Amino acid sequence: MDAGELVEFERHRPRLFALAYRMLGSASEAEDAVQETYLRWAGSAHAEIRSPEAWLTTILVNLCRSWLDSARARRETYVGPWLPEPVATGAAELGPLESVEQRELVSLAFLTLLERLTPAERAVFVLREAFGYAHREIADMLDLTEANSQQLYRRATQRVRDDRPRFDPAPAHAYELYEKFLAAAGSGDVASLEAMFTADIVSVADGGGKINAARRPVVGAAKVARYLVSLFATDIPGLSVGVEDVNGAPAWVARAQGATVMVADADIVGDRLAALRLIVNPDKLAYFMRADQAAPRTA
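Residues numbered from 1 in each chain as written. Predicted model: local features only at pLDDT ≥ 70, side-chain atom pairs only at ≥ 80, totals over all residues. Heavy atoms only, no water.

Draft legend 1. Region of interest: the pattern of salt bridges. Going through the model one piece at a time under the given rule, you end up with twelve salt bridges. Across the pair arginine 40 and glutamate 36 runs a salt bridge, and its minimum N-O distance is 3.2 Å. Note that arginine 40 and glutamate 36 are positioned in helix α2 (residues 27-42) at a spacing of four residues, about one turn of the helix. Within the structure, one salt-bridge network assembled from shared partners comprises Glu121, Arg155 and Arg159. (Salt bridge = Lys/Arg side-chain N within 4 Å of Asp/Glu carboxyl O. Helix = DSSP H or I, 4+ residues; strand = E, 2+ residues; numbered from the N terminus.)

Laid out in structure tokens, this is it:
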């Protein structure tokens, strides 16, 4: 492979990662998928490739479909709930996030929702919804008929429609609620936390069996409030928790002595938190921490 072909691949790398991440919900696996795509590009007959973008996208998406098939088997033995890997919004790996719709599609809530789709449904949905490919193009990539692509897209849309997250139109409002939550949780104010929650709030924690975390969802305002106060009361040297932009939306990020130990976010309904997702599995935080350390925050 000559220098020009390497430059051509690197030109597409950011988009390939953004696509693989939406397909897999895992930043580390997305990196692996992009690397495997690169290896196939390096060994290909470039003179026969009319559109590098279409060729690379086809290879990547079909790799991700195969990986999702095997991931389903792995997740059957996963300890506790499975949540996506977080990615810092400002790092630019997520691609364009200029609209509410673009941010919604890469949110932790929506990536979790995409887990209910089959690999083929997820591929069609992501290519169409997030990247704007026509069904004719998608059909060519996935070796489908155009009608089949449209059918898979309709089915995927129906599966995610009812539970599709809705972003708060005012980000400042979300940040205000997140900061209010931190103050109440940090001070052990159970009553204030309960007042911030919907009655049927659900808290889900992904520890992957690597760290102590609730292996089943905690349901109800009173139970979730007590659970979170106990978490915040844990004595972790050098612990600091702040609100940052993750996956296109506000999130709580906890660090201890330079290591990221938790990324969490919430669904907001009006002035209340309706669902919480806590990612504490160190494997799930490795990519976030690596990017974190590569781009030190300013004081």
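Having seen it, we continue.
Draft legend 2. Representation of a negative patch on the surface within the structure. Among the surface-exposed residues, Glu53, Glu137, Asp140 and Glu146 lie close enough to one another that they form a single negatively charged patch. With respect to the helices and strands, the residue aspartate 140 is situated in helix α7 (residues 135-142). (Patch = residues over 30% accessible without salt bridge, like charges linked within 9 Å, V, L, I, M, F, W, Y side chains within 5 Å. Areas by Shrake-Rupley, 256 points an atom, 1.4 Å probe, with all protein chains shown as cover. Lys, Arg positive; Asp, Glu negative; His and termini not counted. Charge placed at Lys NZ, Arg CZ, Asp CG, Glu CD.)

Draft legend 3. Examining the pairing of strand β3 (residues 239-246) more closely. Strand direction decides the pairing type here: β3 and strand β4 (residues 249-256), joined by eight bridges, are antiparallel. If you follow glutamate 244 over to β4, its bridge partner there is alanine 251. Adjacent in sequence and paired antiparallel, β3 and β4 are bridged by two residues, among which asparagine 247 carries a positive phi angle near 50 degrees. (Pairing = 2+ DSSP bridges.)

Draft legend 4. Spotlight on the nonpolar core. With 55 residues, the main nonpolar core has Tyr21, Met23, Leu60, Leu114, Phe125, Leu127 and Leu142 as its most contacted residues. Counting residues per element, this core draws most heavily on helix α1 (residues 3-24), which supplies eight residues. Setting aside chain neighbours within four positions, we find methionine 23 in contact with Val61, Cys64, Arg65, Leu68, Pro119, Arg122, Ala123 and Val126. Grouped together as the second largest cluster of nonpolar side chains are 31 residues, Tyr178, Ala184, Ala185 and Phe197 included. (Core = buried A, V, L, I, M, F, W, Y, C linked by side-chain atoms within 4.5 Å. Buried < 20%, exposed > 50% of the residue type's maximum accessible area, 1.4 Å probe, protein only. Contact = heavy atoms within 4.5 Å.)

Draft legend 5. Inspection of the sheet that holds strand β5 (residues 259-269) at higher detail. The strand order across the open sheet formed by six strands is β2-β1-β6-β5-β4-β3, and the pairing between neighbours is mixed. Looking along the sheet, the strands with just one partner apiece sit at the ends: β2 (218-219) and β3. Sheet analysis places strand β1 (residues 197-206) next to strand β6 (residues 272-279), joined by six bridges and oriented parallel. Residue pairing across strands places serine 203 opposite leucine 276, the latter belonging to β6. On top of the sheet, helix α9 (residues 171-187) reaches β1, β3, β4, β5 and β6; it is set at about 165 degrees to β3, its chief contact. Each of β1, β3, β4, β5 and β6 is contacted by helix α12 (residues 282-294), which is oriented at about 105 degrees to β5, the strand it contacts most. (Axes fitted to C-alpha atoms, helices over the stretch in contact; angles between N-to-C directions.)

Draft legend 6. How the structure looks around the packing of aromatic side chains. This structure, assessed with the given rule, holds ten aromatic pairs. Consider the rings of tyrosine 178 and tryptophan 252, whose centres lie 4.1 Å apart with planes at 20 degrees: the pair is stacked. Here tryptophan 252 lies in strand β4 and tyrosine 178 lies in helix α9, a separation of 74 residues in the sequence. The exposure class of tyrosine 178 is buried, given its relative accessible area of 2%. The rings of Tyr178, Phe181, Phe197, Phe232 and Trp252 are connected pair by pair, giving a single aromatic cluster. (Phe/Tyr/Trp six-rings, centres within 6.5 Å; stacked < 30°, edge-to-face > 60°.)

Draft legend 7. Fine view of the layout of surface pockets. Within this model, the second largest pocket holds a volume of roughly 450 Å³. Taken together, 24 residues make up the lining of the second largest pocket; nearest its centre are Leu231, Ile236, Val261, Met262 and Val280. Mapped by element, the contributors of at least two residues to the lining of the second largest pocket are α9, α11 (221-232), β3, β4, β5 and β6. For the lining of the second largest pocket, a count of residues per class yields 20 nonpolar, two polar and two charged. (1 Å grid on protein atoms, 1.4 Å probe; cavity = no way out; pocket = protein on both sides within 12 Å on 5 of 7 lines; lining within 4 Å. Points joined across faces, edges and corners; volume = space filled by probe spheres on them. Nonpolar A, V, L, I, M, F, W, Y, C, P; charged D, E, K, R; others polar.)

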